[in-house]
Amino acid sequence: MAIIRVPKVTNYTVMSNHHLTDRDLSFKAKGLMSYMLSRPDDWDFTIAGLSRLNKDGRDAIGRIIQELESHGYLERIR
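So, here is what we can say about the structure in this document. (Residues numbered from 1 in each chain as written. Predicted model: local features only at pLDDT ≥ 70, side-chain atom pairs only at ≥ 80, totals over all residues. Heavy atoms only, no water.)

So, the packing of helix 1 (residues 27–37) against helix 3 (residues 58–70)
Following both chains from N to C, one finds helix 1 and helix 3 inclined at 85°, their axes separated by 9 Å at the closest point. As the angle between them shows, helix 1 and helix 3 are arranged roughly perpendicular. Residue-level inspection shows Lys28, Ala29, Leu32, Met33 and Met36 of helix 1 in contact with helix 3, the latter providing Ile64, Ile65, Glu67 and Leu68. Counted by class, the contact of helix 1 with helix 3 contains seven nonpolar, no polar and two charged residues. (Axes fitted to C-alpha atoms, helices over the stretch in contact; angles between N-to-C directions. Helix = DSSP H or I, 4+ residues; strand = E, 2+ residues; numbered from the N terminus. Parallel < 35°, antiparallel > 145°, perpendicular 65-115°, else oblique. Contact = heavy atoms within 4.5 Å. Nonpolar A, V, L, I, M, F, W, Y, C, P; charged D, E, K, R; others polar.)

Side note on the environment of Asn11
Structurally, the position occupied by Asn11 is in the segment before helix 1. The sequence separation of Asn11 and Ser38 amounts to 27 residues, and the corresponding C-alpha distance is 9.8 Å.

Here it is in structure tokens:
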């Protein structure tokens, strides 16, 4: 499988590989964490809002959030 790399001039994100190499996280959790890290610091995340941004429903997003929370990658503040 070929990997296509693009020049990093605009519209890219720099993040730690820590969550990407965590074997205890599912690929969905790694993807959601990467998406969340690509948003601005003041981004307001909700399960409803995240489910509107992709094809996964509220229940699926909720399970992924719980996975990330149980592994210490995020903390929910209500």
